[in-house]
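Each chain, written out:
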Amino acid sequence: MPPWSVTTLFATDCCRKAQSSYFKMPANGRGRRFREMRGAAVLIALAIMAVACAAPAGAFAREELSLACRSGARLAALAWGDARAPVRVLALHGWMDNAASFEALAPALAHGCRVVALDLPGHGRSPHAACSAEYSAVEHAFSAYDALDALGWLAPVPDAAGDGDGSGLVDGATPAPRAFSLLGHSLGGGIACLLASALPEQVRRLALVEGFGPLARPPEAFAAQLRDSLRKRHAAATGEHGPRERTYSTLDEAAAARVNGAKRLPGKQFMSMGAARVLAERGTVHVDAPGGGGARALRFSHDRRLAHPNAQAFHEEQILNVLAAVSCPTMLVQARHGWPRPEPGFGERVRAMQPGLLTVVDLPEGSHYAHLDEETAAAVQRAIGPFLLEEDEG
């Protein structure tokens, strides 16, 4: 854990003690009450000094980025840490989320680390995809690759088909160093696995939170999924979206909708109001309220087509092949009440990884948003922080 993160925990403890001291003050005894108040003030001052002195310049600063990709796409992103830091991490959020998903983790990694969290297409502040496009895991992986190129983090990569000279490299290319790490939550974890398998020479470390490869669909479900996908894509392309998107009068009302949505996920999942508010703040836009009169409201900015099924999905055998191709140290953090991990499928994915590369961290508490929920974010930080900052052997 970075040194300033330890002092942040100390600062938090000081504040808690200060609060406890204040509420335990006796109603009588003016001198004693004054001493208690002074002690609480000292604890708060210590908390402020600890953070101010220990955190490196800019550790808490958050940058808003707009990546102009050579493909012509534009991607919004958030960044923390020094752009010249030796450790570079691309963070990929989950379905219907946005870059703010890493608000709790990224500042703690910013000491000696550059973290860039994307708004994937159709999410957050990134533009929606063209009406003819799909929001598949592969398309998201291409967008992440596009972002890596725009950041200047990519190096020439081997050409799997070879170019005729027997080297397997693009002409003039040299094997690329492991230049960056990937951090993914949920859907972002699946995307990160795809990238790590496709760019084994470049990905230094792979950190996954509640996402171990893309979701799989049984082959026998393909025809029904294709039918549903074609119908909904055509309806969206012709403007037949259905009912008007819901609006919310306040940010807390929009956040409450996210909290309720998490309860409908498989298993016993949940999301704290604090985590939901962070995602809703970046994931909503101001619009005219229904009924006119000049009133304003909020609606979520993500593309409604994200809820549409993709025409094609991965089969489990393909995902096992992807995981087998990952060649970097990998950490998977799972919460007690997170996304269900039915057997034998989960065990087969673990065994598909190359020996010695995978570390699984099981949190005793928490849900699918453990990295952002106030009660569990510190535990996720304590696991992932040292892992991403650890120096590679050799």
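Residues numbered from 1 in each chain as written. Predicted model: local features only at pLDDT ≥ 70, side-chain atom pairs only at ≥ 80, totals over all residues. Heavy atoms only, no water.

Any details on the overall build of the protein? Residues and values, ideally.
For the protein, the helix and strand inventory stands at eleven helices and ten strands. Per-residue burial over the protein gives 45% buried out of 394 residues. Long-range pairs, those at least 24 residues apart, make up 74% of the contacts in the protein with a sequence separation of at least 6. Element-wise, carbon and sulfur atoms account for 56% of the exposed surface of the protein, whose accessible area totals about 19,600 Å². (Helix = DSSP H or I, 4+ residues; strand = E, 2+ residues; numbered from the N terminus. Buried < 20%, exposed > 50% of the residue type's maximum accessible area, 1.4 Å probe, protein only. Contact = heavy atoms within 4.5 Å. Areas by Shrake-Rupley, 256 points an atom, 1.4 Å probe, with all protein chains shown as cover.)

Just give me the short version of the nonpolar core, but keep the residues and values in it.
Judged by nonpolar contacts, the single largest core of 42 residues is most densely connected at Leu-90, Leu-92, Leu-118, Phe-180, Leu-182 and Leu-206. If you tally residues by element for this core, the top one is helix H5 (residues 187-198), at six residues. Excluding anything up to four places from it in sequence, Leu-92 contacts Phe-102, Leu-118, Leu-120, Ala-144, Leu-183, Gly-184, His-185, Gly-188, Ile-191, Ala-192 and Leu-195. The next biggest cluster of nonpolar side chains, apart from the first, holds 27 residues, and it includes Ala-99, Leu-363, Ala-370 and Val-380. (Core = buried A, V, L, I, M, F, W, Y, C linked by side-chain atoms within 4.5 Å.)

Break down the sheet that holds strand S3 (residues 87-92) for me, citing the residues and quoting the values.
Read across the open sheet, the eight strands follow the order S1-S2-S4-S3-S5-S6-S9-S10; overall the sheet is mixed. The sheet is open, and its two borders are formed by strand S1 (63-68) and strand S10 (358-362), each paired with just one other strand. Taken pair by pair, the neighbouring strands of this sheet meet at an average axis angle of 20°, ignoring direction. The sheet contact formed by S3 and strand S4 (residues 113-118) spans five bridges and is parallel. Looking at the pairing, Val-87 lines up with Cys-113 of S4. (Pairing = 2+ DSSP bridges. Axes fitted to C-alpha atoms, helices over the stretch in contact; angles between N-to-C directions.)

Please set out empty space enclosed by the protein residue by residue, giving values where relevant.
Within the structure shown, the criterion is met by two cavities of 30 Å³ or more. By volume, the largest cavity is sized at about 70 Å³. Around the largest cavity sit Ala-133, Glu-134, Tyr-135, Arg-233, Arg-305, His-308, Pro-309 and Asn-310, which together line it. Classifying every residue of the lining of the largest cavity by side-chain character gives three nonpolar, two polar and three charged. Residue lining of the second largest cavity: Met-96, Asp-97, Asn-98, Gly-124, Arg-258, Leu-279, Ala-280, Gly-283, Phe-300 and His-302, and that is the complete set. For the lining of the second largest cavity, the class distribution of residues is four nonpolar, four polar and two charged. (1 Å grid on protein atoms, 1.4 Å probe; cavity = no way out; pocket = protein on both sides within 12 Å on 5 of 7 lines; lining within 4 Å. Points joined across faces, edges and corners; volume = space filled by probe spheres on them. Nonpolar A, V, L, I, M, F, W, Y, C, P; charged D, E, K, R; others polar.)

I'd like a rundown of the packing of helix H9 (residues 316-325) against helix H10 (residues 345-352), residues and numbers included.
Between H9 and H10, whose axes approach to 8 Å, the crossing angle comes to 30°. Between H9, through Glu-316, Ile-319, Leu-320, Leu-323 and Ala-324, and H10, the contact on the second element is made entirely by Gly-345, Glu-348, Arg-349 and Ala-352. Class assignment for the residues of the contact of H9 with H10 results in five nonpolar, one polar and three charged.

Break down the pattern of salt bridges for me, citing the residues and quoting the values.
Evaluation of the coordinates by the stated rule reveals 20 salt bridges. Close ionic contact of Asp-288 with Arg-296 constitutes a salt bridge, the shortest N to O distance being 2.7 Å. Residues joined in a network through salt bridges with shared partners are Glu-64, Asp-119, Arg-125 and Arg-282. (Salt bridge = Lys/Arg side-chain N within 4 Å of Asp/Glu carboxyl O.)

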